[in-house]
Amino acid sequence: MRDMTVEELWGCLSSTTDNILVILDDQLRVQFLNDAAKSALHIGEMDYVNQDYFDVMSTLILPNDRDATIISKVFTSGEPSAEFIRKSPDERYFSINAAPMKAGSNIIGVLIVGADITDYIHIQEELDRAFSLTLPDTKIEFKLKTTIEYQDEFNPDTQKIRITGRMLDGGYRHVVNCLRIFSILRSMGVTKVIGIDKTLMTQAFIFHDLGKTQPILQVGDEVDPALLFEDGKLHAARSAELARGYYDVEEDAVTLIKYHHHRETELPSDFPWRLIPAWRLFQLIDGISAAITRVGIAVELNVFDCVVQVNEINNPRPQYNGTRQIDLYSGQVTYGIDMLPGSVWVSGKCITKYTRGQMI
Ligand SMILES: [Fe+2]
Ligand SMILES: [Fe+2]
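So, how was this worked out
- Residues numbered from 1 in each chain as written.
- Chains lettered and ligands numbered in written order.
- Predicted model: local features only at pLDDT ≥ 70, side-chain atom pairs only at ≥ 80, totals over all residues.
- Helix = DSSP H or I, 4+ residues; strand = E, 2+ residues; numbered from the N terminus.
- Domains from an automatic or database assignment.
- Expected span 1.5 Å × (residues − 1).
- Buried ≥ 20, exposed ≤ 12 C-beta atoms within 10 Å, placed from the backbone.
- Pairing = 2+ DSSP bridges.
- Contact = placed C-beta atoms within 7 Å.
- Axes fitted to C-alpha atoms, helices over the stretch in contact; angles between N-to-C directions.
- Core = buried A, V, L, I, M, F, W, Y, C linked by C-beta atoms within 7 Å.

Quick one: what's the story with the overall build of the chain, residue by residue and with numbers?
Each helix and strand in the chain was counted, giving 13 helices and 13 strands. Dimensions of the chain, computed from the C-alpha atoms along their principal axes, are close to 80 × 45 × 45 Å.

Mind laying out the domain arrangement of the chain, listing which residues take part and the relevant values?
Domain parsing of the chain yields domain 1 (6-116) and domain 2 (120-294). Spacing between the C-alpha centres of domain 1 and domain 2 amounts to 38 Å.

Tell me what's going on with helix 5 (residues 118-134), and back it up with residues and numbers.
With 17 residues, helix 5 extends 25 Å between its outermost C-alpha atoms, agreeing within 8% with the 24 Å of an ideal straight helix rising 1.5 Å per residue. By the criterion of burial, helix 5 is predominantly exposed, with just zero of the 17 residues buried.

Quick one: what's the story with the pairing of strand 7 (residues 160-167), residue by residue and with numbers?
Inspection of the sheet shows strand 6 (residues 149-155) paired to strand 7 by seven bridges, in the antiparallel sense. Bridge pairing in strand 7 links N155 to K160. The turn joining strand 6 and strand 7, which pair antiparallel and follow one another in sequence, is formed by four residues; a positive phi near 60° is taken by Q159. Relative to strand 8 (residues 222-223), strand 7 runs antiparallel, the two sharing two bridges. Looking at strand 8, one finds that I161 is bridged to V223.

Let's hear about the environment of I184: which residues, and what values?
Along the chain, I184 turns up in helix 7 (residues 170-187). Taking the C-alpha atoms as reference, I184 lies 22 Å from Q332; in sequence the two are 148 residues apart. Once residues lying within four places of it in the same chain are set aside, the contact partners of I184 are L301, V344 and V346.

Could you give an account of the sheet that holds strand 11 (residues 322-327), naming the residues involved and the relevant values?
Within the open sheet, the five strands sit side by side as 12-11-10-9-13. Their pairing is antiparallel. Of all strands in the sheet, those bounded by a partner on one side alone are strand 12 (333-335) and strand 13 (344-347). With direction set aside, neighbouring strand axes in the sheet form an average angle of 20°. Across four bridges, the pairing between strand 9 (residues 298-304) and strand 13 is antiparallel. Paired with L301 across the bridge in strand 13 is V344. Along the sheet face, helix 12 (residues 276-295) touches strand 9, strand 10 (307-313) and strand 11 and points at about 15° away from the line of strand 10.

Lay out helix 8 (residues 198-207) in plain terms, naming residues and giving numbers.
Burial within helix 8 is extensive, with seven of its 10 residues counted as buried. Taken residue by residue, helix 8 has L200, M201, Q203, A204, F205, I206 and F207 as its buried positions. Looking at the buried residues of helix 8, the elements they touch are helix 7, helix 10 (232-247), helix 11 (251-258) and helix 12.

Which residues make up the nonpolar core, and what values do they have?
Note on soluble globular proteins: their nonpolar side chains tend to be buried together. Counting residues in hydrophobic clusters, the biggest one holds 44 residues, and the most contacted among them are A204 and I257. At the level of elements, helix 6 (138-145), helix 7, helix 8, helix 10, helix 11, helix 12, strand 9 and strand 10 are the ones that each hand at least two residues to this core. A total of eight residues in this core trace back to one element, the largest contributor, which is helix 12. If we ignore the near neighbours within four places in the chain, the residues touching I257 are A204, F207, H208, A236, S239, A240 and A243.

Requested: an account of the sheet that holds strand 7, with residues and values cited.
Taken in spatial order, the three strands line up as 6-7-8 in an open sheet, and their pairing is antiparallel. Both edges of this open sheet fall to strand 6 and strand 8, since each of them pairs with a single strand only.

Requested: an account of the environment of P341, with residues and values cited.
With respect to the helices and strands, the residue P341 is situated in the loop between strand 12 and strand 13. Among the residues examined, P341 registers 6 C-beta atoms within 10 Å and is labelled exposed.

Okay, here's the thing in structure tokens:
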């Protein structure tokens, strides 16, 4: 049997995969599209070779600014860009990676690979619809799905943040992630602890951020978070009032909601101790969910009696990474612990990346 040439091998690989493969040259002109890419882009018989990528791929790759696309950034920076989501004209979703092609220190083009994640998105949409049915009314769904959450980079020198991504339905994702983490801890026994009640926690998670309002920011904006984002205690108080006034939420859940952004030392003197274990668990889960939703951390969880163990990785704010445990009864937090056997990993990556909200 004769050996295959590199060209034959490449042709065989690129035509049999469902993944999109695109090669751009150092002028960002299209040099190669495999069959899956032609199909996704509706190329037909168009002669695409040497055409500018923006003209060939604009439906799939980018919004409107030719000079500020992810692809042009990959080429100029030499840094790859991973897993941004785009919808093709034929209603398919692709998770797209773009990487610079290098010859020595020179960047000679860009390789674009897109995986078809349409099935995954459809499953997620079905689960979303199922979850929506459990909400008391469509106003809550509307509020959660229009509460933006931002991804950002913190600059310690200026104390400012730069917006790097926007998740338009971030409020919804955040609540889903709270419930997801709580359900895992529940499977590990946390609701067997006296004071941790399934209905109480579930109600508190659904309503806790309904009073939140976010500033409208664009990717690239640099802002002082202390000036622009209001104190969390304010939306906590509003959420509590909405939950009590419009949805008849039980008073213990209203209390958890009202104080979910307080420090323990700030709680009023008449705050009932019997609610403290649930309040501590709520704050723990709220924080983990926020990090999963906004930056896609992964977290390892375990429960033993009234102690919850957490091992956080991939948090861009490194002080949060590592293991810790919290005793829900005493409040004691211990860092650098050994995770007990039987712990479970929760990856936030897919939830963050494959959200229907626009990550741009
Ligand atoms: Fe909140
Ligand atoms: Fe929250």
